[in-house]
Amino acid sequence: MNENQNIVLDVEERPNIGKWITLSIQHLFAMFGATVLVPFLVGLSPGVALISSGLGTLAYLLITKGRIPAYLGSSFAFIAPILAAKSFGGPEAAMMGSFLAGLVYGIVALLISKLGLKWLGRILPPIVVGPVIMVIGLGLAGTAVNMAMYENPGAENLVYSNTHFLVALATLAITVICSIYFKGFLGMVPILAGIVGGYIIASFAGLVDFQKVLDAPVFQMPDFFIPFVNYTPAFSWEIVSIMVPVALVTLAEHTGDQMVLSKVVGRNFIEKPGLHRSILGDGVATVIASFLGGPPNTTYGENIGVLAITRVFSVFVIAGAAVLAIAFGFIGKITALISSIPSAVMGGVSILLFGIIASSGLRMLIDNKVDLGNKRNLIISSVILVIGVGGAFVKVSDEVSLSGMALAAIVGVVLNLVLPGREESEGSNTLFEENNSHENEVA
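No experiment lies behind these values; they were computed from the predicted model shown.

Right, let's talk about helix 16 (residues 343-367) for a bit. Between the first and last C-alpha of helix 16 there are 35 Å, a value that for 25 residues agrees with the 36 Å anticipated at 1.5 Å per step. Of all the bends found along helix 16, the most pronounced is centred on S350 and spans about 30°.

This next bit is on the packing of helix 11 (residues 237-265) against helix 12 (residues 270-292). Look at helix 11 against helix 12: their axes get within 11 Å of each other, and the N-to-C directions meet at 140°. Taken as axis vectors, helix 11 and helix 12 run oblique relative to one another. Considering how the two elements wind past one another, helix 11 and helix 12 form a crossing that is right-handed. Residues L251, H254, T255, Q258, M259 and S262 of helix 11 form the contact with helix 12, whose participating residues are I270, L275, S278, I279 and D282. Along the lines of polarity and charge, the residues of the contact of helix 11 with helix 12 split into five nonpolar, five polar and one charged.

Here the focus is the packing of aromatic side chains. In total, this model carries seven aromatic pairs according to the counting rule given. Ring geometry for F235 versus W237: centroids 5.2 Å apart, planes at 85°, classification edge-to-face. F235 gets classed as partly exposed once you look at its relative accessible area, which sits at 49%. Classification of W237 as exposed rests on a relative accessible area of 57%.

Here we take up the confidence of the model for the protein. When the pLDDT values of the protein are averaged, the result is 87; 93% of them are 70 or greater. Per-residue pLDDT, averaged within each element of the protein, yields its smallest value for helix 8 (residues 184-188) (70) and its largest for helix 2 (residues 46-63) (96). Within the model, the stretch residues 435-443 combines pLDDT values under 50 with 18 contacts to residues more than four positions away or in other chains.

With that settled, the discussion passes to the nonpolar core. By size, the foremost hydrophobic cluster in this structure holds 111 residues, and its most contacted members are F76, F78, I79, L261 and F354. Once residues lying within four places of it in the same chain are set aside, the contact partners of F78 are A101, M243, V246, A247, T250 and P296.

Under the criterion given, the structure shown has three salt bridges. Across the salt bridge formed by R267 and D10, the nearest N and O atoms sit 3.3 Å from each other. You can see R267 sitting in the loop between helix 11 and helix 12 and its partner D10 sitting in the segment before helix 1 (17-42), a full 257 residues away along the chain. With relative accessibility at 26%, the residue R267 sits in the partly exposed group. Through salt bridges that share partners, D10, E12 and R267 make up one connected network.

Reading the values: rules and limits
Residues numbered from 1 in each chain as written. Predicted model: local features only at pLDDT ≥ 70, side-chain atom pairs only at ≥ 80, totals over all residues. Heavy atoms only, no water. Helix = DSSP H or I, 4+ residues; strand = E, 2+ residues; numbered from the N terminus. Expected span 1.5 Å × (residues − 1). Bend = angle between axes of the 7 residues up to and from the residue. Axes fitted to C-alpha atoms, helices over the stretch in contact; angles between N-to-C directions. Parallel < 35°, antiparallel > 145°, perpendicular 65-115°, else oblique. Left-handed = near helix turned anticlockwise from the far one by under 90°. Contact = heavy atoms within 4.5 Å. Nonpolar A, V, L, I, M, F, W, Y, C, P; charged D, E, K, R; others polar. Phe/Tyr/Trp six-rings, centres within 6.5 Å; stacked < 30°, edge-to-face > 60°. Buried < 20%, exposed > 50% of the residue type's maximum accessible area, 1.4 Å probe, protein only. pLDDT = per-residue confidence, 0-100. Core = buried A, V, L, I, M, F, W, Y, C linked by side-chain atoms within 4.5 Å. Salt bridge = Lys/Arg side-chain N within 4 Å of Asp/Glu carboxyl O.

Set out below in structure tokens:
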């Protein structure tokens, strides 16, 4: 492991109160745009998402013994599954699915602690995970474009609007410019900057109704959606078929985040405190979110970027950001402001974000040196992409069906296990290596 030079604050160090608040606000802004975008897209409460994000992060820090400076926010991978679950069972089905996804994380964490990581690498090599991640991003492309182009993307009869599309493109342009050309603070929060800039442009275009923000109270109890209080949980195999395959795929993403974080901080978090603790923390955070009515949580790359730039690795700063997120969730003005953001603005940033998800799947194949000239790899990736993006489904019974990304993931896993030549075609496959040296610095 490389020695990290110029560390401002190490993992266990606590800043003074003034610096603590400032640095925590930086992390809050870094995660804010993406964390509130997910509930906006799936029809959940942004306030609850902020609170569950903060509580989930605190739980994660506790489970990892305060050794991993990671912030957890709303997971984009679960957007399509949540929408699918809500379409047949309402928000209660989505929350049950999130709970089951959290349980899967817990089970895998237990297996890793007992059996190590090699078994997981056999089931989920890069040739399976990469294309499935691409399916997640490409599957959401239509949602982003509809939000950008139409006056009311949720209506039965869609009405095209040049004004909405121009606002979306302007939002996209601001996000790209901040990401590419700006350094420092704006370079760390391009999503938030894009939403703020797009919101201002949308206001001048007459797309913003600010009255609800003015009428909203300063402090307000969020719309929690709690089991046995607001609804009675009901198990369904349909929910399992929709949510559990996504949880398995996001495990690989989580591992990738831990590798990057290890490179940035200069410590091997895969070994100490262990990947099993990190995955368990992620699972507990998702379970907490499901109890409150929020979307599933995941470790955020945006906040890893903040760590890399500031060289402040203190878990106390991360915990401070979590406390601030919880406080923000109870501010009615903020929740009303988020709800007033036009769909065209969210559509503009979603075009980039969903594309990045798809591109990250491609990057996984490249980073692991997967050879698509190999027939076996070409077949597996091709079948996953077409089944996933094409929306294929298998009806198991009147109540249970496997479709889209879930079906693509299962088919990919099966093909990888049954087709000959696995050892020769896997590439470097460092996804689940326990003794990864992390020698390359992150730019």
